[in-house]
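Structural overview
Listed here are the chains, written in short residue letters.
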Amino acid sequence: MLDETRAEGAQRRPGSWPVAVTEAAAATALACQEATGAAGSPAQDDPAAGQDDTPAHDGGPVADEEPVPDEERSGKGFDYGPFAVIDGRRRAHLASGKVIPCPATSVRELVTWAADRPFGTPRLHPSGKDGDPLIVLTADAVRALGLPDREDGEERALPVDHPVIADLAAHGWEMPQRGNKPWFSAWVRIFQRVQRGRRSVQLAILPWGALTTGGWPLPVDPDTRRPASTVPDVVRFLSIYSDRVMTPVSSTAVTGQELMSALRPATRAWRDEGSGKVRSKWLEGALHLPVDPAPAEATRDHPLAAGRDEKDPAQVLQEEALKWWRMPTEEERQLPFVVGLDTMLAFFAACNATPMGTCAPYEVQQPAFDKKVPGSWLEDLSGVPTDPLLPSPFTPDGSRPTGWAWYETHTIALAAELGHTPRPMRGYLRPSEKQARAMGIAPHPDRYDDRRPDAGPVPPFGQVPYLKPWYEHLNAAYMETMTCLGAVTHPDGTPLTPPEFLQAMARMQEPTFRAEHPTDLLVLKAIKQTIKGAIGKYRQGPQDYGRRAEGTNARWKALDRPDWRPDHRAAILARYRAVMNRKLIATAKAIGARPLAVNTDCIVFASPVPDILWLTGHKSGFTVGPNPGRVKLEGVQSMDWYLQVAELNKNPASRIKDGRTDAAWEGK
C-alpha cells in the first residue's frame, strides 16, 4: 500500500491542492460577507471577532508608492487615556486617576460622549489602527442607563427588542450580530459608519460578567456571584493591564488574538499618485484570508475530518502536550523524595521565533525534509532509538511510535538530531517563495479579497516567525509584572540568584504578600490567561452543537477567520515538546537523572533532597528563573506518596503540588 502511494505521488506535480483546502473557507467567508453586507454588521461568534482586520509587519513602500502619512489616518489625541469606568453618579474615572463628569443618561448618549472625546490608544504598528475607547459600566451605572443589572441568563445578551437597541439603531449606531440579530453582550462594540472608516466604542458591563469571566481574574462575591471590586480596584487593574498589554476588547483569549493582529496588520495604506486615492496593499508575514488546514491537521469537527479514524496517527496529526509517567526503578525507590519542576509559561516560550506558515498548505509527495519549512510530514519514526527510561519524544503519551504517522516539522528535526534520516512519504508544507522554488512547488491559483479589490492577489507563499512581535510584547509585560512582584531583581536592579528566585516564588503564595500586592497578582494572572487563551483560539471548536442541523462536520464561524490556524498551535506544542525532550536528554547525560512523570509543563524526578537546584544549571538542561521556558519548584512529596498515586494508575505529576492521593481524582 505504501509503495503504491509513493508510486502515485511520483507522477503528481508538487504543490497540488489538498481536497477542499481554502476554497470552502473563502466561499463561506464571501457568503457571510454578502449576507451581512447590506446591514454592514458582520455576524460573529464573539464580540471582537469579525472586526476590520488589520494584521501585519514592517513593510516599506514599493518604488512608486508613497505611504499615507499618519496624520491623514489619525487626527485625534488620547489625552483621556484608554478607558473610563462609569459609576452611578455620572462620573468617569480615568486611567490617570482623574474623575470627570459624564452627563449621559442613556447608552446612546454615553457612546456618543465617549466617541467625541480623546479616549483610545495609539496603534501598535505603523500600518495598524488606533485602539477604540473602552467604557466600563458598574452595576450602578448600568441601572442608571436603563440596562438590566444582570444579563439574560439564557441568551447572555440584551433582548433584541430592548428599547436601548432601538434607540441606538435610530441614531445610526450599529453593533455586532449573531444569528442576524443585534448582539448586545457583556462586551459589545458599538459603532457608527463615517467617511473613511467608522468610529466605535467598546463597552464592558461588569455586572454581566465582563472582567470576572472569560479568563479575567477580578473577584466576585462568593454568595451573590456579583463583582466584588471597587471602582478604584477596577481602575488600577485596567490601568496596568492596558499599559503593559493592550486595552481589553472581550475575553482574555480574544484580547490576545486581537493583539496578534494589531502587531501584524494584513495590509498597509498607500496613495496612488495617479489618482490620489488611498489604497491597500498586502503585507508579507501576516495572515490575510481564511484557509483550511491540511486534512491531517483538521480538528475532529472539521469538514475535512469526516470519516477519519481519530486514533490513527497516519490520518491525524497528534502534536499535543506530553502526559506520561512510569514506575521508579529499584535505585530510584531508595531516594526519599520526588520533586516537580514547573516550566514558566511553557507554550509561550515556544512562540518566540518559531517559523509558521502564513499561506495555505501545499501537498507534496515524497518531499525532501527541510527543518526550516513549517508543515506536517508523514514519516515513520518507529525505528529511532530512545532511552527506555525517558518518554518517547515523538508522541503525546510518551509511547514508542509503531509506524507511519503525521508529525510537525520540529518533531522530525528532533528525530534527525537523534540519528534518524528523514524520508517522508508526504507533506503538507507552507514554504517561503524561495523555498518553494527550491522544492519545485507551483503556487496555488490567485486569491483575492473582495473587501480590498485594490490590494491584488494574496501572497501565495509565506512563512515567518509570526508570533515573535507578540511574544516580545507580552514577554515585556510579563517580566515587568514579575519585577514588580520581586521575582526578577533586587531593589538595586541586580538579578536574583536561583535560590533567591525560588524564595520569591514561594513568598507569592503567602497570604500577607498577596494582600500587599493584589493588583499585580491579578495582572499576572490576566497576562497568563491572555497567552493561554490566544493559543487555544488557534483551533477554536464549534460552540453550537445543539443547533448544527447540517451535521457533525458542518462548518462553523471560527473557520472563516484568517487566524483559525491549528497548524500554528501544532508548531508551538511540537517545539515545546522537542525543547523539553532535549533538556531531559541533557540532564540524563549530565547527572544520570531521568524523569518519573511529565504532565504538560510539570516534570517529576526522584530526588535525594527536597530541592530542584541539583537538577538545574547543567549544559543544555534546565535553568531556574522567571523567564519563559525556565523552571521553578512545583512541589515536593515523598517517594511513598509517588508509589501510592501510581497504584491508582494516575499521573503523579498532576498532583505533586497539592499532594492529593484520593481516588476522587481531578486532573490538573
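Observations regarding the overall build of the chain
- Scanning the chain for helices and strands turns up 18 helices and 22 strands.
- Split into buried and exposed, the 668 residues of the chain put 53% on the buried side.
- Partitioning the contacts of the chain with sequence separation of at least 6, the portion at a separation of at least 24 is 72%.
- With the model as given, the accessible surface of the chain reaches about 29000 Å², and the carbon-plus-sulfur share is 51%.

So, the nonpolar core
- Residues F184 and W470 are the most contacted members of the largest nonpolar core, which totals 114 residues.
- The biggest single contributor to this core is helix 16 (residues 518-537), with eight residues.
- Residues contacting W470, with those up to four places away along its chain left out, are G256, L259, M260, L263, F348, C351, T530, I531, A534 and I535.

Details of the packing of aromatic side chains
- In this structure the tally under the stated criterion is 14 aromatic pairs.
- Both rings, one in F237 and one in Y241, keep their centres 6.2 Å apart while their planes meet at 20°; by these two values the pair is stacked. Linking F237 with Y241, this pair stays in helix 7 (residues 231-244), spanning four residues, or about one helical turn. The burial state of F237 is the same as that of Y241; both residues are buried.
- Seen from their ring centres, W406 and Y428 are 5.6 Å apart, and the 40° between their planes marks the pair as tilted. Placement of the pair is W406 in strand 17 (residues 404-408) and Y428 in strand 18 (residues 426-429), with a sequence separation of 22 residues. Side by side, W406 and Y428 carry an identical accessibility label, which is buried.

Quick word on the sheet that holds strand 20 (residues 595-599)
- Pairing is antiparallel across the open sheet formed by five strands, whose spatial order is 12-20-21-13-22. Sheet topology places strand 12 (323-325) and strand 22 (631-638) at the edges, where each strand pairs with a single neighbour. On average, each strand axis in the sheet is tilted by 25° relative to the strand beside it, whichever way the strands run.
- This element, helix 18 (residues 639-647), spans strand 12, strand 13 (337-343), strand 20, strand 21 (602-607) and strand 22 of the sheet and lies at about 85° to strand 22.

Some thoughts on the confidence of the model for the chain
- When pLDDT is averaged across the chain, the result is 87; 85% of the residues are at 70 or more.
- Segment residues 1-75 is flagged for pLDDT under 50; beyond a separation of four residues in sequence, or across chains, it makes 183 contacts in the model.

Considering the packing of helix 8 (residues 252-263) against helix 13 (residues 468-484)
- Taken N-terminus to C-terminus, the directions of helix 8 and helix 13 make an angle of 120°; their axes are 9 Å apart at the nearest point. Judged by the inter-axis angle, helix 8 sits oblique to helix 13. Relative to helix 13, the crossing made by helix 8 is right-handed. Counting all contacts with helix 8, which are made through G256, L259, M260 and L263, the residues of helix 13 involved are P469, W470, H473 and L474.
- Within the contact of helix 8 with helix 13, the residues separate by chemical class into six nonpolar, two polar and no charged.

Comments concerning the sheet that holds strand 17
- Taken together, four strands build an open sheet; the order of strands is 15-18-16-17 and the sheet is antiparallel. A single partner strand is all that each edge strand has here, and the edge strands are strand 15 (362-365) and strand 17. In this sheet, neighbouring strand axes are inclined to one another by 25° on average, regardless of whether the strands run parallel or antiparallel.
- Where strand 15 and strand 18 come together, four bridges link them in antiparallel fashion. Each bridged residue has a counterpart across the sheet, and for V364 the counterpart in strand 18 is G427.

Structural notes on helix 8
- Taking 1.5 Å per residue as the helical rise, helix 8 with its twelve residues ought to reach 16 Å, and the 17 Å between its terminal C-alpha atoms agrees with that figure.
- Along helix 8, the residues that are buried comprise T252, A253, V254, T255, G256, Q257, L259, M260, S261 and L263.
- The secondary structure elements touched by the buried residues of helix 8 are helix 7, helix 13 and helix 16.

Some words on the pairing of strand 16 (residues 375-380)
- In terms of residue burial, strand 16 counts as a mostly covered element, since five of its six residues are buried.
- Across four bridges, strand 16 lies against strand 18 in antiparallel orientation. Residue pairing in the sheet places S376 in a bridge with Y428 of strand 18.
- In this sheet, strand 17 lies alongside strand 16 in antiparallel orientation, the contact comprising five bridges. Looking across to strand 17, one finds that S376 is bridged to E408.

Looking at the pattern of salt bridges
- Under the counting rule described, the total for this entry stands at 33 salt bridges.
- The salt bridge partner of R430 is D567, with a shortest N-O separation of 3.2 Å. Placement of the pair is R430 in the loop between strand 18 and helix 12 (433-439) and D567 in helix 17 (residues 566-591), with a sequence separation of 137 residues.
- With relative accessibility at 2%, the residue R430 sits in the buried group.
- Residue D567 is classed as buried on the basis of its relative accessible area of 10%.
- Ionic pairing is found between E634 and K632, a salt bridge with its closest N-O pair at 3.7 Å. Of the two residues, E634 and K632, neither departs from the other in class, the shared state being buried.
- Each of D140, R143, D149 and R226 takes part in a single network of salt bridges with overlapping partners.

Focus: unusual backbone geometry
- Positive phi, normally seen in glycine, also occurs at R90, with a value near 60°.
- Judged by its relative accessible area of 46%, R90 is partly exposed.
- The backbone of R225 sits at a positive phi, close to 60°, despite the residue not being glycine.
- Residue position: R225 is located in the loop between strand 9 (197-205) and helix 7.

Considering the packing of helix 13 against helix 16
- Following both chains from N to C, one finds helix 13 and helix 16 inclined at 155°, their axes separated by 9 Å at the closest point. Considering the angle they form, helix 13 stands roughly antiparallel to helix 16. Relative to helix 16, helix 13 is oriented so that their crossing is left-handed. Touching W470, L474, A477, Y478, T481, M482 and C484 of helix 13 are D520, V523, L524, I527, T530, I531, A534 and I535, all from helix 16.
- Per-class residue counts for the contact of helix 13 with helix 16 are twelve nonpolar, two polar and one charged.

What counts and what doesn't
Residues numbered from 1 in each chain as written. Predicted model: local features only at pLDDT ≥ 70, side-chain atom pairs only at ≥ 80, totals over all residues. Heavy atoms only, no water. Helix = DSSP H or I, 4+ residues; strand = E, 2+ residues; numbered from the N terminus. Buried < 20%, exposed > 50% of the residue type's maximum accessible area, 1.4 Å probe, protein only. Contact = heavy atoms within 4.5 Å. Areas by Shrake-Rupley, 256 points an atom, 1.4 Å probe, with all protein chains shown as cover. Core = buried A, V, L, I, M, F, W, Y, C linked by side-chain atoms within 4.5 Å. Phe/Tyr/Trp six-rings, centres within 6.5 Å; stacked < 30°, edge-to-face > 60°. Pairing = 2+ DSSP bridges. Axes fitted to C-alpha atoms, helices over the stretch in contact; angles between N-to-C directions. pLDDT = per-residue confidence, 0-100. Parallel < 35°, antiparallel > 145°, perpendicular 65-115°, else oblique. Left-handed = near helix turned anticlockwise from the far one by under 90°. Nonpolar A, V, L, I, M, F, W, Y, C, P; charged D, E, K, R; others polar. Expected span 1.5 Å × (residues − 1). Salt bridge = Lys/Arg side-chain N within 4 Å of Asp/Glu carboxyl O.

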